[in-house]
Amino acid sequence: MARPATAAVRLLTGEREPVRLATIANITLYGLQTIDGVLTEVGDRVLVKDQADQTENGIYTASEGQWFRAADARTARTMQKGTTVHVQEGTVSADRVYAFETLDPAIGADPITLSFYLSQDTLGDAVNAANAAAASAAAALTSKNAAATSATNAAGSATAASGSATAASTSATNAATSATNAGTSATAAAGSASTASGSATSAGTSASAAAGSATAASGSASAAASSATNATTSATNAAASAAAAANAVAALGYTFSPSTADADPGNGTLRLNNVSAASATAAYIDNLDSSGATVSGILDTFDDSTNPIKGQLSLRSKASAAIAYVYSVTGSVVDGGGYRKLTLAYVSGAGTLPTTADGIWLIFTRAGDKGADGLGSGDFSGPASSVTDNIVTFAGTTGKAGKDSGVAVASLVAGPASAETDNIATFNGGTGKVVKDSGVAVSGLAPKASPTFTGTPTAPTAAAGTNSTQIATTAYVDTTFAPKASPTLTGTPAAPTAAPGTNTTQIATTGFVKAAIDVVLGGVSAAFDTLAEIVASMVRKDADTTLNAGYFGTDVSDGTKSSGIYTPSPAGGNFRSATNNGAHTLAAPSASGSYSLVIDYTNGASAGAIVTSGFTKVTGDAFTTTSGQKFRLFISKGQGGTHVHVQALQ
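Residues numbered from 1 in each chain as written. Predicted model: local features only at pLDDT ≥ 70, side-chain atom pairs only at ≥ 80, totals over all residues. Heavy atoms only, no water.

With that settled, the discussion passes to the overall build of the protein. If you tally the helices and strands in the protein, you get 8 helices and 30 strands. Per-residue burial over the protein gives 37% buried out of 650 residues. Contacts spanning at least 24 positions in sequence make up 55% of the contacts within the protein whose residues lie at least 6 apart. In the form shown here, the protein has an accessible surface area of approximately 34200 Å², with 55% of it arising from carbon and sulfur atoms. (Helix = DSSP H or I, 4+ residues; strand = E, 2+ residues; numbered from the N terminus. Buried < 20%, exposed > 50% of the residue type's maximum accessible area, 1.4 Å probe, protein only. Contact = heavy atoms within 4.5 Å. Areas by Shrake-Rupley, 256 points an atom, 1.4 Å probe, with all protein chains shown as cover.)

Attention shifts here to the packing of aromatic side chains. Summed over all chains, the structure comprises 8 aromatic pairs. Pairing Tyr 98 with Phe 116 gives two aromatic rings, centres 6.3 Å apart and planes at 75°, and the pair type is edge-to-face. Here Tyr 98 is found in strand E8 (residues 96–100), whereas its partner Phe 116 is found in strand E9 (residues 114–119), with 18 residues between them in sequence. Just as Tyr 98 is buried, Phe 116 falls in that class too. Ring geometry for Tyr 284 versus Tyr 339: centroids 6.4 Å apart, planes at 85°, classification edge-to-face. In this pair, Tyr 284 sits in strand E12 (residues 282–286) while Tyr 339 sits in strand E16 (residues 339–350), placing the two residues 55 residues apart along the sequence. The same class applies to Tyr 284 as to Tyr 339, namely buried. Among the aromatic residues, those joined into a ring-pair cluster are Tyr 566, Tyr 601, Phe 623 and Phe 631. Taking NZ or CZ as reference, Lys 318 lies 4.2 Å from the ring centre of Trp 361, over its face. (Phe/Tyr/Trp six-rings, centres within 6.5 Å; stacked < 30°, edge-to-face > 60°. Lys NZ or Arg CZ within 6 Å of the ring centre and 35° of its normal.)

Here we come to the nonpolar core. Counting 24 residues, the largest nonpolar core has Tyr 254, Leu 272, Leu 313 and Leu 362 as the members making the most contacts within it. Those elements giving two or more residues to this core turn out to be strand E10 (251–257), strand E11 (269–272), E12, strand E13 (311–317), strand E14 (324–329), E16 and strand E17 (360–366). Those residues in contact with Leu 272 that lie beyond four places of it in its chain are Phe 256, Ser 259, Thr 260, Ala 277, Ala 280, Ala 282, Ala 283, Leu 315, Tyr 327 and Leu 344. With 17 residues, the next largest nonpolar core counts Ala 73, Phe 100, Trp 361 and Ile 363 among its residues. (Core = buried A, V, L, I, M, F, W, Y, C linked by side-chain atoms within 4.5 Å.)

Take the sheet that holds strand E24 (residues 575–580) next. The strands that make up a sheet pair up through hydrogen bonds in the backbone, lying either parallel or antiparallel. In spatial order, the strands read E22-E24-E26-E29-E30-E28; together these 6 strands make up an open sheet with mixed pairing. At either margin of the open sheet sits one strand with a lone partner, and together these are strand E22 (556–561) and strand E28 (617–620). Taken pair by pair, the neighbouring strands of this sheet meet at an average axis angle of 20°, ignoring direction. Pairing of strand E29 (residues 630–638) with strand E30 (residues 641–648) involves 8 bridges; the strand directions are antiparallel. Among the inter-strand pairings, Ser 636 is bridged to a residue of E30, identified as His 643. (Pairing = 2+ DSSP bridges. Axes fitted to C-alpha atoms, helices over the stretch in contact; angles between N-to-C directions.)

So, about unusual backbone geometry. Located in the positive-phi region is Asp 358, a residue other than glycine, with phi close to 55°. Relative to the helices and strands, Asp 358 is located in the loop between E16 and E17. Residues other than glycine seldom take positive phi values, yet Ser 486 does so here, at roughly 45°. When you line up the elements, Ser 486 lands in the loop between strand E21 (435–441) and helix H7 (510–521). Overall, Ser 486 belongs to the exposed group, its relative accessible area being 70%.

Our focus in this paragraph is the side chain of Thr 83. For Thr 83, the location among the structural elements is in the loop between strand E6 (68–69) and strand E7 (84–86). Accessibility expressed as a relative area gives 7% for Thr 83, which makes it buried. Among the polar contacts listed, one links the side chain of Thr 83 to the backbone oxygen of Gln 80, at a separation of 2.9 Å. (Polar contact = N/O pair within 3.5 Å; in protein donor to acceptor, adjacent residues only side chain to side chain.)

In the predicted model, the protein carries a mean pLDDT of 78, and the fraction of residues at 70 or more is 69%. Contacts of residues 238–250 to residues separated by more than four positions or lying in other chains number 40 contacts, the stretch itself having pLDDT below 50. (pLDDT = per-residue confidence, 0-100.)

Right, let's talk about the pattern of salt bridges for a bit. Pairing is possible between side chains of opposite charge, provided their charged atoms come close. As enumerated under the stated definition, the model contains 12 salt bridges in all. Close ionic contact of Asp 600 with Arg 632 constitutes a salt bridge, the shortest N to O distance being 2.8 Å. Of the two residues, Asp 600 is situated in strand E26 (residues 595–603) and Arg 632 in strand E29; the sequence distance between them amounts to 32 residues. Salt bridges linked by common partners bring Arg 20, Asp 44 and Glu 89 together as one network. (Salt bridge = Lys/Arg side-chain N within 4 Å of Asp/Glu carboxyl O.)

Reading across from one edge, E1-E4-E5-E6 is the order of the 4 strands in this open sheet, with mixed pairing throughout. Strand pairing shows two members of the sheet lacking a second neighbour, strand E1 (21–22) and E6, which therefore form its edges. Alignment of strand E4 (residues 45–48) against strand E5 (residues 58–61), held across 4 bridges, turns out to be antiparallel. The residue of E5 that forms the bridge with Arg 45 is Thr 61.

Positionally, Phe 427 belongs in strand E20 (residues 423–427). With relative accessibility at 1%, the residue Phe 427 sits in the buried group. Separated by 42 residues in sequence, Phe 427 and Ser 385 place their C-alpha atoms 9.6 Å apart.

Laid out in structure tokens, this is it:
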């Protein structure tokens, strides 16, 4: 690539000193970072052109801390409209030239906008065109001088001189064509048209001189032959100039259509799939450009790169460089039958694309082929050192920096290992720069709050007597505690005293019992401070006790007697009742001791005969079987025997 020529063009166009990189998205103006695929270094000049706050756009010097505007780009004059800057490196912007579009911007206050101006390839072609045209002009001048000499010396070579004139005329025609083509490329290769036009003028002068030579020639065949050779050289150089000028603009002319349909847009027309150019994700381009040339072969090369991003597609107004949109081509070129379909990803742009005939340039810059995979280096940075298999956690909120958590993945409760999406990343080595798949899925970890464990979880066994929130394992057995079921307590167990009148399964303390007895006795003196003393005072075994009030008993039912033997007992109560509903035997009670029983008999619908057995004496009325009749039995048992007295109640 012709760098000196680039410097010459920079002088001509008012370009700033070159920058190393240019942004392709909004960035934070702080710290070393990756710009357009290249990691910045301290002191790099960076063209910042895509800030969300356009007042921040401009040329900056990269730093490990805060970035500041470059010394030669801090005033309105240094970023005046029309000023251009050349980018040296970057995946997208390498060898591209951008132009400032804001008139007299107040730095830090006015929005500063930039647009794509031209590429280094275009500059190189322009320089080649200029050089070729200059060579053509020099050759034409040689032809002119030789023809003048021929006019003086030639005497008999009119035919040869005429041939020279024809060749020179052809040179003029070719040079004129070169001028026309160079004029077409004036936007991208400023100056080529003027130079080529000069070539045409020089060649025209050569033709006139050669024609004069034909008229005046008298006899220098050798000189005329030399003139013809030089004229041929001029024509060749002029043709080279024309070819170089024709290639100076790596662009195709098209008419833009606002329609968004996925269909052939028509001869020389292209369209996007969204009315908002910034939202477009596809372009539909006719196989013919605005001049009617078939360019499908060119369009089909747009996906030749092996990079995921095939290149950059620019749509630019021919009338205004400020109206332009840049997209990344991210997929294969699809043949739609008469037109081609491109998959796009919006990069930047401004303005409204004109719909005038042949009003826009379609410019494509191919991306280089995908290189060999690297070792994993990127814009994520880790600590200076780390421990292998420790979990990586974020350091800050940028998402670009990590740190060693100090927690080893092996120390976590984990499920089965699998190398799948959502596995935890751990450090691989001690550099803090390389991570690996731990083989542990996040879903295999127990949550911190209310975890549900599976399998056989384990934990450290606490020391005997520990009373804390530590997990108790099956190996943790503290013999200082009584079992929950049927405990055998020692010492002086204590418990809360229930409120008076409580009737639950709560433990009754001595305080609760004394309070209850106080209610019964109307107060207990200090002499009755144990249950034994209270019982002893209430149940006098060594003296007669006089009852000053009656007492009530509860009637206990012995159920229906329809067969077999009924042997009453005082257990549970001395007042009892039964129903006669079938023949049966009434036997004397067998419970030991001396006691009295009162039993009410009622005949049921199936009352049967009642016979007695075992009584020492039976007195009173006879039993009947009439339904509904009642009898009261008075039974007494003592050392003299057992007596039953039957009394009919009807």
